[in-house]
Amino acid sequence: WAETVFIDATQDNTLYESVAGDISNGAGEYMFAGRTGAGQARRALIAFKNLGSIPSGATIKSVKLHLHMSRTETPANTIDLLRVLSNWGEGASDAEGNEGQGAPAQTGDATWVYRFYDNQTWKGTGGDYPQLVSASLMVGNPAFYTFGSSTGMVTDVQDWVDNPGENFGWILIGDEVASSTKRFDSRNHSDSAYHPVLEVTYSATGSSFDYS
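The present account deals with the structure reproduced in this document. Predicted model only: the values in this text are computed from it and were never measured.

### Quick word on helix H1 (residues 151-162)
Here H1 is twelve residues long and its end C-alpha atoms lie 16 Å apart, about the 16 Å a rise of 1.5 Å per residue gives. Buried residues of H1: Met153, Val154, Asp156, Val157, Gln158, Trp160 and Val161, and no others.

This is the structure we're talking about:
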């Protein structure tokens, strides 16, 4: 017996490369990954902490992350999805226009330097994540894109279900050598059809619906 659930993001943000670490976009409609033409990195953060619809003890079978990429001026390039190792925040910062330059960070925002602006820092600037990539995807023109299912994503979500206190979501990192920025729609986008969605298929045993 298997069940598939679709889960909305609970928080997202963008890390805008800066020495001071005082730029963010917690309440913005967009998030960014890659490197700008001016040579500044952008890294998107996204988390799904509302996994209560997946029962305790469930075995995760498949995980997909659905995103809408709405703006780019660069060729197709690979975006890596990596598990975040430290908790982080989404504050009230809200960038203007296309939002590529961010806005002044507000209390609790994640920035290039801070996990929670302006008193809790990352262990290293630009976010805390492992070298192991959970999934990768080639992203080209504006369209809907799906990461996974991959072994890494399944492992991540299984651990988040089993250990909710370790659920800090993923970071999206693009090509940071060449100009490569991709703009993804965030959970705050005015059109809910473009919101990030996590698709999880799981199996559960020991229930009245288990005919194995």
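### Details of the packing of aromatic side chains
Counted according to the given criterion, the structure contains four aromatic pairs. With centroids separated by 5.8 Å and ring planes inclined at 50°, the aromatic side chains of phenylalanine 144 and tyrosine 194 adopt a geometry described as tilted. Taken as a pair, phenylalanine 144 in strand S12 (residues 143-148) and tyrosine 194 in the loop between strand S14 (182-185) and strand S15 (197-203) lie far apart in primary sequence, 50 residues in all. Seen in terms of ring centroids, tryptophan 160 and tryptophan 170 are 4.9 Å apart; in terms of plane orientation they differ by 55°. Their pairing is tilted. Pair noted here: tryptophan 160 is in helix H1 and tryptophan 170 is in strand S13 (residues 170-173), with a separation of ten residues, a long-range link. Tryptophan 170 shares its class with tryptophan 160; the two are buried. The residue whose ring lies beneath arginine 183 is tyrosine 30, and the NZ or CZ to ring-centre distance is 3.6 Å.

Scoring rules and cut-offs
- Residues numbered from 1 in each chain as written.
- Predicted model: local features only at pLDDT ≥ 70, side-chain atom pairs only at ≥ 80, totals over all residues.
- Heavy atoms only, no water.
- Helix = DSSP H or I, 4+ residues; strand = E, 2+ residues; numbered from the N terminus.
- Expected span 1.5 Å × (residues − 1).
- Buried < 20%, exposed > 50% of the residue type's maximum accessible area, 1.4 Å probe, protein only.
- Phe/Tyr/Trp six-rings, centres within 6.5 Å; stacked < 30°, edge-to-face > 60°.
- Lys NZ or Arg CZ within 6 Å of the ring centre and 35° of its normal.

On their own, these measurements won't tell you what the molecule is for.
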